[in-house]
Amino acid sequence: MKQDGAAAVSEQRQWDRLMAMAQFGAIPGDGVNRACLTRNDRAARRVVIGWAREIGLAVSIDEAANLWLRREGTDPAARPVLTGSHMDSQPNGGRFDGIYGVIAGLEALTALHDAKVKTRRPIEVVAWTNEEGGRFAPGCMGSMSWAGHSPITTWSDVRDHDGIRFADALAEHLAEEADLPRRKLGGAPHAYIEAHIEQGPRLEAEEFDIGAVTGIQGSRWFTVTLTGESAHAGTTPLKLRHDAVQDMVRAITALNVLMHDPDDVLRFTVGRVVVSPNTSNSVAASATFSIDLRHPDPGILRARGNAVEGVIQAAVRDVAVSVQESFNALPVLFDSGMIGAVEQAARAERLRCTRLASGAFHDAQFAVKLAPTGMIFVPCRKGISHNPAEYSSPDQLAHGTRVLTRVLTELAA
Ligand code: GLV
Ligand code: MN
Ligand code: MN
């Protein structure tokens, strides 16, 4: 395997670029709020495009606004090797989730350029649209539409917190990037490899440099709306109330029983609650809350997820219930050859590597059907993520990028 590319990876350049990206949507405490399809997102993309053009990459976008940076191989007809991740962040996010995989891909191609390494296959870096799902739910819209899981129009009427439709935000964004060449949505890469921070505590605690990711657990998202009736808090007797907040508490209590797992493998989260009219002296007329359910076993995911609506119906007393499912990503196992390639690259870099499964979902989940897929994890401090305190050190990130560069070089050889 050629080593020139990995040796040319610049820890400093990569770190400086990550810190430059963190300025777009910076929030207090070193955090980032860079929602997809916003002005901040576009400004960050322009900077990435500039860096890509400095090394002669061909830039294009598709109808889902996925951003593509392509380095030609000696055989342009060969199917490309694909890497990348996402540039959007959580509203209270950190500086590394997602953007690391994009900047690492760009750093790998910059290193190959500097080292004058030629590959037979083209290598493409992609920045997927809306992986987080923080502005428009669900996440992974860009990769799901690319993979043929669902057309991008599936989510046209999804609205953000300000009532803006996804289709309108996407159209505005595509108009702003009308100067960029368009490519067809879809494709069949030779392989897909994504670098990401671990977002969990294992690598740091067990002193590993690299995680060779074995797969991703499944996720289901639901939006629950409870509709009651607004009433005066001081005058309305309990027996006349249709109190959406009280029934939300009953519903979540019952869901906690349904989701109980003594082994602590199942993950159940209610992370978003919207109450209306949201005032102290009115009984709530409606309460909407999210459910994020995850498990590596598709059977458990199916059974517990399918029980959600019935459990809520049985728990509430005074409201109408509506349950909408917005995301159902089945668990996936990665290709054993890709896992082995990550391990081999880590060994060649003399890094400590272990196998681990991902608790977070990633765009890689949707590439599995199309091509051999894998992921490279690097440690992050205390496993903290989706939080401004998210941190990986420059050298931890550079280790991951050297491994990525080796894997890309090998796959594209
Ligand atoms: C990704 O952001 C996830 O929620 O797993
Ligand atoms: Mn991510
Ligand atoms: Mn995330």
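Reference entry: report on the structure contained in this document. If you're wondering where the values come from, they're calculated on a predicted model, not measured in any experiment. For every chain, the first residue of its written sequence is number 1, and the numbers climb from 1 along that sequence. For naming, the first written chain is A and the first written ligand is 1, with later ones following in the order written. Since the coordinates come from a predicted model, pLDDT governs what is reported: local features require at least 70, and pairs of side-chain atoms require 80 or more to be given and counted, while whole-chain, interface and lining totals use all residues. The basis for every side-chain value is the complete set of non-hydrogen atoms in the structure, without hydrogens or water.

As for the overall build of the protein chain
Numbered from the N terminus, helices here are DSSP runs of H or I no shorter than four residues, and strands are runs of E no shorter than two. Regarding its fold elements, the protein chain presents 12 helices and 18 strands. Against the globule reference of 22 Å for 413 residues, the protein chain gives a C-alpha radius of gyration of 22 Å, in line with a compact fold. When its C-alpha atoms are laid out on the principal axes, the protein chain stretches across 80 × 50 × 40 Å. For every residue, the accessible area (1.4 Å probe, protein chains only) is compared with the maximum for its type, and the residue is labelled buried under 20%, exposed over 50%, or partly exposed between those bounds. For the protein chain, the proportion of its 413 residues judged to be buried stands at 56%. Residues count as neighbours in contact if any of their non-hydrogen atoms are within 4.5 Å of one another. A fraction of 81% describes how many contacts in the protein chain between residues 6 or more apart in sequence connect residues 24 or more apart. The distance from the centre of the 43 positive side-chain charges to the centre of the 49 negative ones in the protein chain is 3 Å. Radius of gyration here uses only the C-alpha atoms, and the compact-globule reference equals 2.2 Å multiplied by the residue count raised to the power 0.38. In this count, Lys and Arg are taken as positive residues and Asp and Glu as negative ones, while His and the chain termini are left out. Think of each charge as sitting on NZ of Lys, CZ of Arg, CG of Asp or CD of Glu.

Some points on empty space enclosed by the protein
Cavities and pockets were defined on a 1 Å grid built over protein atoms only: a cavity is a set of grid points that admits a 1.4 Å probe from which the probe cannot escape, a pocket is an open set flanked by protein on both sides within 12 Å along at least five of seven lines, and lining residues are those with an atom within 4 Å of any such point. Grid points are joined across faces, edges and corners, and a volume is the space filled by probe spheres set on the points. In the structure shown here, the tally under the stated rule is one cavity of 30 Å³ or more. Its volume calculated, the largest cavity comes out at about 40 Å³. Together, Cys-36, Asp-41, Arg-45, Met-87, Asp-88, Ala-127, Trp-128, Thr-129 and Asn-130 line the largest cavity. Among the secondary structure elements, those contributing two or more residues to the lining of the largest cavity are helix H3 (39–54) and strand S6 (123–128). Gly counts as polar in this scheme, as do all residues outside two lists: the nonpolar Ala, Val, Leu, Ile, Met, Phe, Trp, Tyr, Cys and Pro, and the charged Asp, Glu, Lys and Arg. Its residues assigned to classes, the lining of the largest cavity comprises four nonpolar, two polar and three charged.

Observations regarding the coordination of the manganese ion (ligand 2)
For a metal with four tetrahedral donors the ideal donor-metal-donor angle is 109.5 degrees, whereas six octahedral donors ideally subtend 90 or 180 degrees. The donor set comprises N, O and S atoms within 2.8 Å of the metal, extended to 3.2 Å for Na, K and Ca; water molecules are omitted, so apparent gaps in a site may simply reflect that omission. Donor atoms from the polypeptide that coordinate the manganese ion (ligand 2) comprise His-86 (NE2), Asp-97 (OD) and His-196 (NE2), at 2.0 to 2.2 Å from the metal. For the manganese ion (ligand 2), the donor residues sit on a single chain with the sequence spacing H-x10-D-x98-H.

Details of the packing of helix H8 (residues 244–258) against helix H9 (residues 298–315)
To obtain an axis, a line is fitted to C-alpha atoms, over the contacting stretch when the element is a helix, and the angle between two such axes runs from 0 to 180 degrees between their N-to-C directions. For the pair H8 and H9, the least separation of the axes is 9 Å and the interaxial angle reads 140°. Classed by the angle they form, the pair H8 and H9 counts as oblique. The hand of the H8/H9 crossing is right-handed. Only Arg-304, Ala-307, Val-308, Val-311, Ile-312 and Ala-315 of H9 make contact with H8, whose side of the interface consists of Asp-247, Arg-250, Ala-251, Ala-254, Leu-255 and Leu-258. Throughout this description, any angle smaller than 35 degrees is read as roughly parallel, any larger than 145 degrees as roughly antiparallel, any in the 65 to 115 degree range as roughly perpendicular, and the remainder as oblique. Left-handed describes a crossing whose near helix is turned anticlockwise from the far helix by less than a right angle; the clockwise case is right-handed.

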